[in-house]
Amino acid sequence: MATRTISNAGGNFNNVLTWLEGAVPVAGDSVVATATSGQLTVDVASGGVGLLSVDFTGYVNTLTMNATLTVSGNVTLATGMTVAGTSDLIINTTATLTSHGKTFSGGLQFIGTSNTFTFADAWVINGSFLNNTTTSVSFLGSSLSINGNMNMNLNMSATTTSFIMTGTGTWSGTGLINGSGGLTINTSGTITISGLVRLSSTLTFSAVGSLVTTGSTISLFGNGNIAVNTAGISINNLTFNNTNNLLGSNGFSIKGLFSCTSTQLITLQAGNTYTINSTGGLTLTGTSGSHVSMVSSSGSVKAILTLTAGATQNVSYTNATRIDSSGGQKIIDKGGALTKTINWANGI
């Protein structure tokens, strides 16, 4: 476990002349920079595998990421440095990441087992985020703004980090986004939701230039909510697996199935309109001893749920309260209790 310092001449990572100590860093070494260190180019993917830490405090030159750099510990960037290149930084153990306001030009990959990754301050990456750990991990601290893809291959747990998609990219992977931080989509670019995605926190649509959801399903678990604060959002399938809320200043439309097949409470924002298109359907199926509940968020103002002509419906043992469906098909509820609803009816 040695310390390797970038020389004033700088150079390629795998060149001994780049390092004051005359040796290329290996697994377990710490890499540091000084105010007079030259530029550093990570030129081979094997360079820096398992570095103990990387500290650029005081660095005012350029780090160029032409290959991936793997670190088994803390990473500290510097306000005065420049980061170029598109390759990823890979973190494989519990670590704290400090950006000091510097945008990382590549992406971030997280691997390993039962790790806790802490963002000491806000991070911005121009590349993609990949959670490819082998067990559930925690992301703590500040925010991570992602200009590329959001790849969730395994569950998060006890997460407080706020994830923000700010560019053009794809949200994919069945890993559960969990905790208080949630995921915000706030971009003028195109966001694609691919396949099944899951969350037990809040998904917020603040702004989106274009949203592609063909073939996708958003599945809400635990405290999973959707807050829509921009008009024109249309998603494919939406499933409910616990007590979930649809919030925000706007409703949205469903092209696929709006479904809940177990005992859950679904709260719709009062005054908002949720439209199930003719290509979609409404499935709310409780049991005689365990009803689904759908209610308005207000004790006096109804939420609007419109089932467009042509859309399918399968509704049973659902307790609906202050839901206005006058803009579309009558909703036939077999075995549920209806309170202050419009265009709902009990059926056999």
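One can find the structure itself at the top, above this paragraph.
Residues numbered from 1 in each chain as written. Predicted model: local features only at pLDDT ≥ 70, side-chain atom pairs only at ≥ 80, totals over all residues. Heavy atoms only, no water.

## Overview of the overall build of the protein chain
Here is step 1 of the chain: Regarding its fold elements, the protein chain presents 0 helices and 44 strands.
Here is step 2 of the chain: Its C-alpha atoms give the protein chain principal-axis dimensions of roughly 80 × 35 × 30 Å.
Here is step 3 of the chain: Evaluated residue by residue, the protein chain yields a buried proportion of 52% over its 348 residues.
Here is step 4 of the chain: Here the protein chain displays about 12600 Å² of accessible surface, and carbon together with sulfur accounts for 51% of that area.
Here is step 5 of the chain: Side-chain charges of the protein chain comprise 9 positive and 8 negative groups, with the mean position of each set lying 27 Å from the other. (Helix = DSSP H or I, 4+ residues; strand = E, 2+ residues; numbered from the N terminus. Buried < 20%, exposed > 50% of the residue type's maximum accessible area, 1.4 Å probe, protein only. Areas by Shrake-Rupley, 256 points an atom, 1.4 Å probe, with all protein chains shown as cover. Lys, Arg positive; Asp, Glu negative; His and termini not counted. Charge placed at Lys NZ, Arg CZ, Asp CG, Glu CD.)

## Thoughts on the sheet that holds strand β41 (residues 323-324)
The strands making up a sheet associate through backbone hydrogen bonding, with each pair oriented either parallel or antiparallel.
Here is step 1 of the chain: Sheet architecture is open: 5 strands sit in the order β29-β32-β35-β38-β41, paired in parallel fashion. Each end of this open sheet is capped by a strand with a single partner; those strands are β29 (234-235) and β41.
Here is step 2 of the chain: Pairing between strand β38 (residues 303-307) and β41: 2 bridges, direction parallel. When the bridges of β41 are listed, A303 appears paired with I323. (Pairing = 2+ DSSP bridges.)

## A look at the environment of F13
Here is step 1 of the chain: Inspection of the secondary structure puts F13 in the loop between β2 (11-12) and β3 (30-32).
Here is step 2 of the chain: Through-space distance from the C-alpha of F13 to that of T133 is 26 Å; in sequence the pair is 120 residues apart.

## What to know about the side chain of S253
Here is step 1 of the chain: You can see S253 is positioned in strand β32 (residues 252-254).
Here is step 2 of the chain: Among the polar contacts made by the side chain of S253, one reaches the side chain of S234 at a distance of 3.0 Å.
Here is step 3 of the chain: Those residues in contact with S253 that lie beyond four places of it in its chain are I233, S234, I235, T275 and N277. (Polar contact = N/O pair within 3.5 Å; in protein donor to acceptor, adjacent residues only side chain to side chain. Contact = heavy atoms within 4.5 Å.)

## Observations concerning the environment of G173
Here is step 1 of the chain: Relative to the helices and strands, G173 is located in the loop between β20 (169-172) and β21 (176-178).
Here is step 2 of the chain: Residue G173 is classed as buried on the basis of its relative accessible area, which comes to 16%.
Here is step 3 of the chain: When sequence neighbours within four positions are dropped, the list of residues in contact with G173 reads M152, N153, L196 and V197.

## A look at the packing of aromatic side chains
Here is step 1 of the chain: Under the definition given, this model contains 13 aromatic pairs.
Here is step 2 of the chain: Consider the rings of F13 and W19, whose centres lie 5.3 Å apart with planes at 75°: the pair is edge-to-face.
Here is step 3 of the chain: What makes W19 buried here is its relative accessible area of 3%.
Here is step 4 of the chain: Between F56 and Y59 the ring centres are 5.3 Å apart and the planes differ by 45°, which places this aromatic pair in the tilted class.
Here is step 5 of the chain: Residue Y59 is classed as buried on the basis of its relative accessible area of 0%.
Here is step 6 of the chain: Here the aromatic residues F110, F117, F119, W123, F129, F139 and F163 are joined through ring pairs into a cluster of three or more. (Phe/Tyr/Trp six-rings, centres within 6.5 Å; stacked < 30°, edge-to-face > 60°.)

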